[in-house]
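Listed here are the chains, written in short residue letters.
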Amino acid sequence: MSDNKLKTVHINSPVSDDEVAALEQGDIVFISGTVYTAREGVYKRVLETGHQLPIDLPAISNINFHCSPAASKNDDGTFNVGAVTATASFRFGKWMPDWFEMSKAKLIIGKGGMSEDSYKDMFLPVGAKYLTTVGYGTGALLGRGIKRTVDALWLEELGLAQAMWIFEVENFGPFIVDTGTDGSSLFEKSNAHVNSRLKTLYKDLKPPTLSRYGETTSRDDEVI
Amino acid sequence: MIPIAAIEKAAYDLTAKASIEIPPDFKGGIKKMLANEPEHLSQFVLQAMIENWEAAEQDRRPMCADTGLPRFYVKSGNNAQIEGGFVALEAALRKATAAATHDIPLRPNRVHPLSRKDYDNNVGQHAPEIQYAFEPEGDWIDLITVHKGGLFGTDYRMLFPGDGIDGLKRFFLDVMVQFGRRGLFCQPAIVGVGVGGNKDTCMRLGKEACSLRIVGERNPDPEIATLEQELKELGNSIGMGPMGYVGNSMVVDCNIEVGFTHTGGMPVSIHTFCLSSRRATARIHTDGRIEYRHDPGWFTPYYRREGVQ
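Fair warning: this is a prediction, and the values are worked out from it, not measured in the lab.

A. Highlighting the interface of chain B and chain A. Contacts between the two partners involve 54 residues from chain B, matched on the other side by 51 residues from chain A. When residues of the side of chain B that touches chain A are traced back to their parent elements, those giving at least two are helix 3 (40–59), strand 4 (155–159) and helix 5 (164–180) of chain B. Sorting elements by how many residues they give to the side of chain B that touches chain A places helix 3 of chain B first, with 13 residues. Its residues assigned to classes, the side of chain B that touches chain A shows 27 nonpolar, 14 polar and 13 charged.

See below:
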């Protein structure tokens, strides 16, 4: 990438506490080592229905990717993983505290970040940070970074899209650090900038004839 | 008679093309936006997307792992005849979708909405959708595939004549701001706006406006063309760029399509076609020849019923 105003960091998985602490908001990150995917199917199965993971996850990886790959199973039982991109993380907030405790995850990679409240309440207390994928969908670049599918757990039970994939990766990225050391979020900082302009943007546009019921009437709010 | 094998081959190849190759009009639009984007982080995101498209084509892998919901638009010349008829065509499109899903591979996104059952092949009830249109002349079939994402960035609202153009602009801004935060609709995107018709026509027109017209193509009605330009500029003036970061790259282009509607209403639908705008088009001839092209050419004068009694 050509922009030298942004700092690029290469880290290895499992990532150490010091490495996570050193990541600054807005840094561009590439990862080598082992990462795994977990989204609603896995969280429900492990945290709600009490199924034990058949592997010693904390020993293998502490980087959880909110993702399901575009992948298929070859006739010989191996996998063809094409593209890899994240899914929106805000939906998984309710499972994160228990997941952190169970998995000892230190980095969560996903789409769109989570709230500053989640960073302050769930991430910082366990020394974890959130990395966002870029774009979204640098699926081909991320697909290139996957060197090997180590395992795909619960394929039968959860399907290809919800299964837990364990990948060996090299220069896997780019990702952007969203969590600040103060628990702030780059996304929410951007929101604040937009909010400062909304009044002017809407100034001459009168409300519609027929209004709607809704959960929020403030455009300063997020809908997630 | 158009051979059914040619239709199945075209459908299979189009599915791969759509998922792997970013259309040149879209890529050109993003490069222009990058040149005008003042913010470093937003520039970085756009540059990463361009590099991603290049990686996808080099490796022949999908540009995004959410490979959307594969669907087909079929335009038939009035004199076209298909070996086995349209039921055979539908079977061929389903077969090609399942095969391409495994081979490319695409993500098996299609599940039953309640049981969440996934056949792992993107085929199921009403999936892939197949929509038809006709042209007065010709013995060919145009086959277009679109793999749109679908979780964020769409809204429908019944506005009224008194709300007017300002009402439409306000609703447009609402959708941009609401789904632009954190980049939920994966902007910069092509924004399609359907105005008028019944509710379903309104949704169809808006969706086709974003996914079946190329960047830079204006509606032939000069007033609508002006409004397209105004909405595009409005979207890019919010102060929001890719991923919801500070910037001005939000709307690659805005396409509006209209249909005659109820005298008391002005329904509006808004749709966004994301940074992985997956569409691909081919014409299939009676001798089995397949001509691939970039422009879907869906909105013809006949399709818009211009001057048609």
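B. The arrangement of the domain arrangement of chain B in detail. Residues and elements named next belong to chain B. You can read the domains of chain B as domain 1 (4–20 + 63–149 + 279–293) and domain 2 (150–273). A straight line from the C-alpha centre of domain 1 to that of domain 2 covers 26 Å. Contacts between the two partners involve seven residues from domain 1, matched on the other side by six residues from domain 2. Taken together, the elements giving at least two residues each to the side of domain 1 that touches domain 2 come down to strand 1 (69–77) and strand 3 (141–148). Of all the elements, strand 3 adds the most residues to the side of domain 1 that touches domain 2, at three residues. Residues belonging to the side of domain 1 that touches domain 2 are distributed by class as follows: four nonpolar, one polar and two charged.

C. Molecular detail of helix 3 of chain B. The end-to-end C-alpha separation of helix 3 of chain B is 28 Å, in line with the 28 Å expected for 20 residues at 1.5 Å each. Along helix 3 of chain B, the positions that sit buried rather than exposed are Leu41, Ser42, Gln43, Phe44, Val45, Leu46, Ala48, Met49, Asn52, Trp53 and Ala56 of chain B. Elements in contact with the buried residues of helix 3 of chain B: helix 6 (139–145) and strand 9 (164–177) of chain A together with helix 1 (4–20) and helix 2 (24–36) of chain B. Looking one or two residues past helix 3 of chain B, Arg60 of chain B carries a phi angle of roughly 55°, positive in sign.

D. Region of the structure containing the sheet that holds strand 9 (residues 290–293) of chain B. All names here are of chain B. One open sheet accounts for five strands, arranged 2-1-3-8-9; its pairing is mixed. Of all strands in the sheet, those bounded by a partner on one side alone are strand 2 (130–135) and strand 9. Across the sheet, the axes of successive neighbouring strands diverge by a mean angle of 20°, strand direction being ignored.

Each value, and the rule that gives it
- Residues numbered from 1 in each chain as written.
- Chains lettered and ligands numbered in written order.
- Predicted model: local features only at pLDDT ≥ 70, side-chain atom pairs only at ≥ 80, totals over all residues.
- Contact = placed C-beta atoms within 7 Å.
- Helix = DSSP H or I, 4+ residues; strand = E, 2+ residues; numbered from the N terminus.
- Nonpolar A, V, L, I, M, F, W, Y, C, P; charged D, E, K, R; others polar.
- Domains from an automatic or database assignment.
- Expected span 1.5 Å × (residues − 1).
- Buried ≥ 20, exposed ≤ 12 C-beta atoms within 10 Å, placed from the backbone.
- Pairing = 2+ DSSP bridges.
- Axes fitted to C-alpha atoms, helices over the stretch in contact; angles between N-to-C directions.

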